[in-house]
Amino acid sequence: MRLIVARCSVAYTGRLTAHLPEALRLIMLKADGSVLVHADAGGYKPLNWMTPPTAVIEEGQTIVVRKVKGDDQLEITLHEVLSDVTHTMDFDADRLSKDGVEADLQVALADAPHWCGEGFRLVRREWPTDIGPVDLMCRDEADGWIAVEIKRVGTIDAVEQLSRYLERIRQDPGKADCRGVLAATTVKPQARVLAESRGLTWVEVDLAVLRGEREPALTLFA
């Protein structure tokens, strides 16, 4: 992660236009392509930001961030740089944000991957990619690859995260057909629609059932 403290001005163009006049701000450039511009006010939310995938181009004192797909562009002009440092972050640092339920779900599903899909067998937990580890990497009955992302609540952000992992995994010719599964105790309706539109599968799992503490609910078929 690169952190720049600088007097800067920022111009955003895309769906709308926005401009920040010259002032002292913090600019964060993350390895996944995210770029965020912060002020020392307003809480945690950045003033301007760009989500991946992006292309970052530096020309002199100007940093231009463009969306790979679309016309959105963030142009940051550095008038005076006070600090410019880069730190290598731990590849699994995002695991700190996981609560006990997610960690427990991962352990339980690793022991019983068939809950994520018929015939699934575990290859490895925490499969590494250059943007973070995939919770479970499995293979199916046809020996195809499946990446499983596990969340307590499956949201649109979870679908986006799984999509980014698949983009990296499929760069390996041997895994070009890797499928994705989002597993969660609850999957939000919007996340279901987005997942299905991208050819991803979602599944809702009950931790108590996985642990054998409760019998699975019976489903009646007409």
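Nothing here was measured: the structure is a model prediction, and the numbers come from that model.

## Some details on the overall build of the protein chain
Part 1 of the reasoning: A count of helices and strands for the protein chain gives four helices and twelve strands.
Part 2 of the reasoning: Summarising its shape, the C-alpha atoms of the protein chain cover approximately 65 × 40 × 35 Å along the three principal directions.
Part 3 of the reasoning: A buried classification covers 41% of the 222 residues belonging to the protein chain.
Part 4 of the reasoning: Within the protein chain, contacts between residues at least 6 apart in sequence are counted, and of these 48% link residues at least 24 apart.

## Let's talk about the state of the cysteines
Part 1 of the reasoning: The full count for this structure, using the stated rule, is zero disulfides.
Part 2 of the reasoning: Here Cys178 is not disulfide-linked; the sulfur of Cys138 is the nearest cysteine sulfur, at 9.7 Å.

## Observations concerning the side chain of Ser163
Part 1 of the reasoning: Following the sequence through the fold, Ser163 ends up in helix α2 (residues 156-169).
Part 2 of the reasoning: Within the structure, the side chain of Ser163 is placed 3.0 Å from the side chain of Arg198, a separation counted as a polar contact.
Part 3 of the reasoning: If sequence neighbours within four positions are ignored, Ser163 has contacts with Arg198 and Leu200.

## Considerations on the packing of aromatic side chains
Part 1 of the reasoning: In this structure the tally under the stated criterion is one aromatic pair.
Part 2 of the reasoning: The ring of Trp145 has Lys175 sitting right over it, with the charged end atom 4.7 Å from the ring centre.

## Here we look at the side chain of Asp135
Part 1 of the reasoning: Its place among the elements puts Asp135 in strand β9 (residues 134-139).
Part 2 of the reasoning: For Asp135, a relative accessible area of 0% translates into the label buried.
Part 3 of the reasoning: Polar side-chain contacts of Asp135 include one of 3.1 Å to the side chain of Gln106.
Part 4 of the reasoning: In this structure the side chain of Asp135 is engaged in a polar contact, spanning 2.7 Å, whose partner is the backbone nitrogen of Ile150.

## Thoughts on the pattern of salt bridges
Part 1 of the reasoning: Using the criterion set out here, one finds ten salt bridges in the structure.
Part 2 of the reasoning: Residues Asp84 and Arg2 are paired through a salt bridge, measuring 2.8 Å at the closest nitrogen-oxygen approach. Taken together, the residues span a long stretch of sequence, with Asp84 in strand β7 (residues 73-86) and Arg2 in strand β1 (residues 2-13) at a distance of 82 residues.
Part 3 of the reasoning: Residue classification places Asp84 among the partly exposed positions, given a relative accessible area of 39%.
Part 4 of the reasoning: Residue Arg2 is classed as buried on the basis of its relative accessible area of 19%.
Part 5 of the reasoning: The closest approach of N and O atoms between Arg168 and Asp130, which form a salt bridge, is 3.0 Å. Taken together, the positions of Arg168 in helix α2 and Asp130 in the loop between β8 (121-127) and β9 put the pair 38 residues apart, joining distant regions of the chain.

Calculation rules
Residues numbered from 1 in each chain as written. Predicted model: local features only at pLDDT ≥ 70, side-chain atom pairs only at ≥ 80, totals over all residues. Heavy atoms only, no water. Helix = DSSP H or I, 4+ residues; strand = E, 2+ residues; numbered from the N terminus. Buried < 20%, exposed > 50% of the residue type's maximum accessible area, 1.4 Å probe, protein only. Contact = heavy atoms within 4.5 Å. Disulfide = S-S within 2.5 Å. Polar contact = N/O pair within 3.5 Å; in protein donor to acceptor, adjacent residues only side chain to side chain. Phe/Tyr/Trp six-rings, centres within 6.5 Å; stacked < 30°, edge-to-face > 60°. Lys NZ or Arg CZ within 6 Å of the ring centre and 35° of its normal. Salt bridge = Lys/Arg side-chain N within 4 Å of Asp/Glu carboxyl O.

So far we have only geometry, and geometry alone does not tell us how the molecule works.
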